Amino acid sequence: MTTPSRRREAQPIGRGWELAVAAVGGALIAVGLAAMAGLGLASALWGGGWVWPDGTETATRVLGGLLSGDPGRGLSPDELGRVAGPIPVYACVAAAELGLLTAAVITAVLGARYRRPSDARSGMATRGEAEEALGLRQLRAGRAVIRPDRYPARSGWERLGHLLSTAGDAIRGRTHRSAQSTSSRSLSRAPSTQTSPTPAAKEIPR
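Since this is a predicted model, take the numbers as computed values, not measurements. (Residues numbered from 1 in each chain as written. Predicted model: local features only at pLDDT ≥ 70, side-chain atom pairs only at ≥ 80, totals over all residues. Heavy atoms only, no water.)

*Asks:* Where do I start with the overall build of the chain in this structure?
*Replies:* Assigned secondary structure in the chain consists of eight helices and zero strands. The secondary structure elements of the chain, listed N-terminal to C-terminal, are α-α-α-α-α-α-α-α. In the chain, of all internal contacts separated by at least 6 residues, the share reaching a separation of at least 24 is 47%. Of the accessible surface of the chain, which amounts to about 17400 Å², a share of 61% is contributed by carbon and sulfur atoms. (Helix = DSSP H or I, 4+ residues; strand = E, 2+ residues; numbered from the N terminus. Contact = heavy atoms within 4.5 Å. Areas by Shrake-Rupley, 256 points an atom, 1.4 Å probe, with all protein chains shown as cover.)

*Asks:* Can you walk me through the pattern of salt bridges in this structure?
*Replies:* A side chain with one charge can pair with a side chain of the opposite charge if their charged atoms come near. Applying the stated criterion across every chain yields a total of two salt bridges. A salt bridge links Glu-57 to Arg-61; the nearest nitrogen and oxygen atoms lie 3.2 Å apart. With a gap of four residues between them, Glu-57 and Arg-61 both fall in helix 2 (residues 56–68), about one helical turn apart. (Salt bridge = Lys/Arg side-chain N within 4 Å of Asp/Glu carboxyl O.)

*Asks:* Mind showing me how you'd approach the nonpolar core here?
*Replies:* Here is a general trend for soluble globular proteins: nonpolar side chains tend to be buried in one another's company. In terms of nonpolar packing, the biggest core is built from twelve residues, these being Ala-35, Leu-39, Ala-42, Val-51, Val-62, Leu-66, Leu-75, Val-83, Ala-84, Val-89, Cys-92 and Val-93. Apart from residues lying up to four places away in sequence, Val-51 is in contact with Leu-39, Gly-40, Ser-43, Leu-75, Glu-79, Arg-82 and Val-83. (Core = buried A, V, L, I, M, F, W, Y, C linked by side-chain atoms within 4.5 Å. Buried < 20%, exposed > 50% of the residue type's maximum accessible area, 1.4 Å probe, protein only.)

*Asks:* How should I be thinking about the environment of Thr-60 in this particular structure?
*Replies:* With respect to the helices and strands, the residue Thr-60 is situated in helix 2. Sequence separation between Thr-60 and Gly-74 is 14 residues, and the spatial gap between their C-alpha atoms is 8.3 Å.

*Asks:* Is there a simple way to think about the environment of Gly-85 in this case?
*Replies:* Residue placement: Gly-85 occurs in the loop between helix 3 (77–80) and helix 4 (86–114). Taking relative accessible area as the criterion, Gly-85 reaches 30% and is therefore assigned partly exposed. In this structure, the C-alpha to C-alpha distance between Gly-85 and Gly-47, residues 38 residues apart in sequence, is 7.5 Å.

*Asks:* When you look at helix 2 in this model, what are you seeing that I'm missing?
*Replies:* It helps to recall that an α-helix has 3.6 residues per turn; residues three or four apart then point in one direction. Its 13 residues give helix 2 an end-to-end C-alpha distance of 18 Å, which sits within 8% of 18 Å, the value for a rise of 1.5 Å per residue. Within two residues after helix 2, Gly-69 carries a phi angle of roughly 90°, on the positive side. (Expected span 1.5 Å × (residues − 1).)

*Asks:* What should I look at first to understand helix 4 in this one?
*Replies:* Along its 29 residues, helix 4 runs 42 Å from first to last C-alpha, staying within 8% of the 42 Å computed at 1.5 Å per residue. Among the residues of helix 4, those classed as buried are Val-89, Cys-92 and Val-93.

*Asks:* What's the story with the side chain of Thr-58 in this structure? I'm lost.
*Replies:* Note on placement: Thr-58 falls in helix 2. Residue class for Thr-58 comes out buried when judged on its relative accessible area of 14%. What Thr-58 contacts, discounting residues up to four positions off in sequence, is Pro-53, Gly-74 and Leu-75.

*Asks:* I'm lost on the side chain of Glu-79 in this one. Help?
*Replies:* Looking at where Glu-79 falls in the secondary structure, it is placed in helix 3. Despite its burial, Glu-79 pairs with no opposite charge, the nearest such side chain being Arg-82 at 4.3 Å. Look past the residues within four positions of Glu-79 in its chain and what remains in contact with it is Val-51 and Trp-52. (Lys, Arg positive; Asp, Glu negative; His and termini not counted.)

Such coordinate-based values are descriptive only and should not be taken to indicate function.
Below is the structure:
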C-alpha cells in the first residue's frame, strides 16, 4: 500500500497576484491614514482641536467626505465643530500624502540598494571614479606597490648608493678582467727555459 506523497508548493509565500493585491491594499490603507492624519493636523492647527474617526465605519465615511469635498462628514457633532476650513484641511492632506510618497520612494530605493546582494549594479563605481582610481597617473604613483619586483620603493639616498655600488662593481670587474688578459699575454710571450740534453761523453778504454 502506497501512501500519497504530499505536494510541496514551489512558492510558499504565495502567487504573484496575491502579493500584488496585498501591496495595493496596504498602499490604499496608508493613503487613507495619511488623509485622516492631514484632517486631524489641520483641525489641531486651524480648528478647534485634534479629530480622529472612531471605528472603521466612521473612517470610511470621513474618507468619502474628503473625496466629495465635505471635510468632517461622518464625525460626531462634537468633533465636527472642531474641524478646520476646507483650504487648511486639503493643504494638510496634500502635505501628508506628499510625505507618505517621499517615505515610500526612499524606502524602495534603500531596499533595492541594500537588500539585493545578487544585483551586480549595486556598489559599482562610476566611470569617473574608476578613472580616478585606476588612471595612468594613479598606476604610475602606485607602481612600487603593484610591481615591487620591478619598481622597488627606495629613497633618494638609497637609490644613489645603489647606483654607486653598481658602478663600482662594474669598474672592479672590468679592471680584474683586463689584468687577467695582460698576465696571460705576458706568459705566452716569455722564452722557453728548457735545455736540450747534451750527448753523453764516450768512455775511453784503459
